Amino acid sequence: AKDAADVAKNAIIRAKKEGYDVCLIDTAGRMQDNEPLMRSLAKLMHTNKPDLVLFVGEALVGNDGVDQLKKFNQSLRDHTPPGHPVRGIDGIVLTKFDTIDDKVGAAISMVYQSGQPIVFVGVGQSYQDLRALNPKVVVQALIG
């Protein structure tokens, strides 16, 4: 099996060489309860020192998403390699945001629980469907 930290390192080197300003590393569904995968993710983070670590979750799961985020962030902190600064997430991406209706309160709870902002919301299947969060949409859904 390939080491995720090395794969990410090579991707970053190539992105820099080809003149890209941004390199997204998708860690493909790291479940907060899977210790080997979370340890691998912590190693990837501390080896490559990304500018931004984003938790990606589905908006439609409601309050289960709050619990997932809390456990994921704590797991990242718990698996910090010795001698490295403890680091958690820097922000949140919520996919399927166009489907949440009455579950918008969970999005607010995620921000409150983590102390980190929702950086993007997904409203479709492609990178072009990532949007900045519009607070007016959230407030309207809450009072709607």
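Everything quoted here is computed from the prediction, not taken from an experiment.

1. Some points on the overall build of the protein chain
- Of the regular secondary structure elements, the protein chain holds five helices and four strands.
- Along its sequence from the N terminus, the protein chain presents helices and strands in the succession α-α-β-α-β-α-β-β-α.
- Counting only C-alpha atoms, the protein chain reaches 45 × 35 × 25 Å along its principal axes.
- Within the span of the protein chain, comprising 144 residues, buried residues form 31% of the whole.

2. A short note on the confidence of the model for the protein chain
- Residues with a pLDDT of 70 or more make up 92% of the protein chain, whose mean pLDDT is 84.
- At the level of individual helices and strands, the protein chain shows its lowest average pLDDT in helix H5 (residues 135–143), which scores 76, and its highest in helix H1 (residues 4–17), which scores 93.

3. Describing the sheet that holds strand S1 (residues 54–58)
- Ordered in space as S1-S2-S3-S4, the four strands form an open sheet in which the pairing is mixed. This sheet does not close on itself; its edge strands, each paired only once, are S1 and strand S4 (130–131).
- Taken together, the three bridges between strand S2 (residues 91–95) and strand S3 (residues 118–122) define a ladder with parallel strand orientation. By the bridge assignment, Val93 is partnered in S3 with Phe120.
- The strands that helix H4 (residues 104–114) touches are S1, S2 and S3; relative to S2, the one it contacts most, it runs at about 160 degrees.

4. Remarks on the pairing of S2
- For S2, the buried fraction is high: four of the five residues fall into the buried class.
- Pairing between S1 and S2: five bridges, direction parallel. For Val56, the partnering residue across the bridge sits in S2 and is Val93.
- Running through helix H3 (residues 63–78), the crossover from S1 to the neighbouring parallel element S2 is right-handed.

5. Side note on H4
- Looking only at H4, the buried set comprises Val104, Ala106, Ala107, Met110 and Ser114. Relative to the axis of H4, the buried residues are bounded by an arc of 160 degrees and lie together on one face.
- Downstream of H4 by a residue or two, Gly115 has a phi angle that is positive, lying close to 75 degrees.

6. Observations concerning unusual backbone geometry
- A positive phi angle, near 45 degrees, is found at Lys49, a position not held by glycine.
- Mapping Lys49 onto the fold places it in the loop between helix H2 (35–48) and S1.
- Unlike most non-glycine residues, Lys96 shows phi in positive territory, near 55 degrees.
- By secondary structure assignment, the location of Lys96 is in the loop between S2 and H4.

Here is what the cut-offs are and how they apply
- Residues numbered from 1 in each chain as written.
- Predicted model: local features only at pLDDT ≥ 70, side-chain atom pairs only at ≥ 80, totals over all residues.
- Heavy atoms only, no water.
- Helix = DSSP H or I, 4+ residues; strand = E, 2+ residues; numbered from the N terminus.
- Buried < 20%, exposed > 50% of the residue type's maximum accessible area, 1.4 Å probe, protein only.
- pLDDT = per-residue confidence, 0-100.
- Pairing = 2+ DSSP bridges.
- Contact = heavy atoms within 4.5 Å.
- Axes fitted to C-alpha atoms, helices over the stretch in contact; angles between N-to-C directions.
- Right-handed = clockwise from strand over helix to strand, strands pointing away.
- Arc of directions from axis to C-beta.

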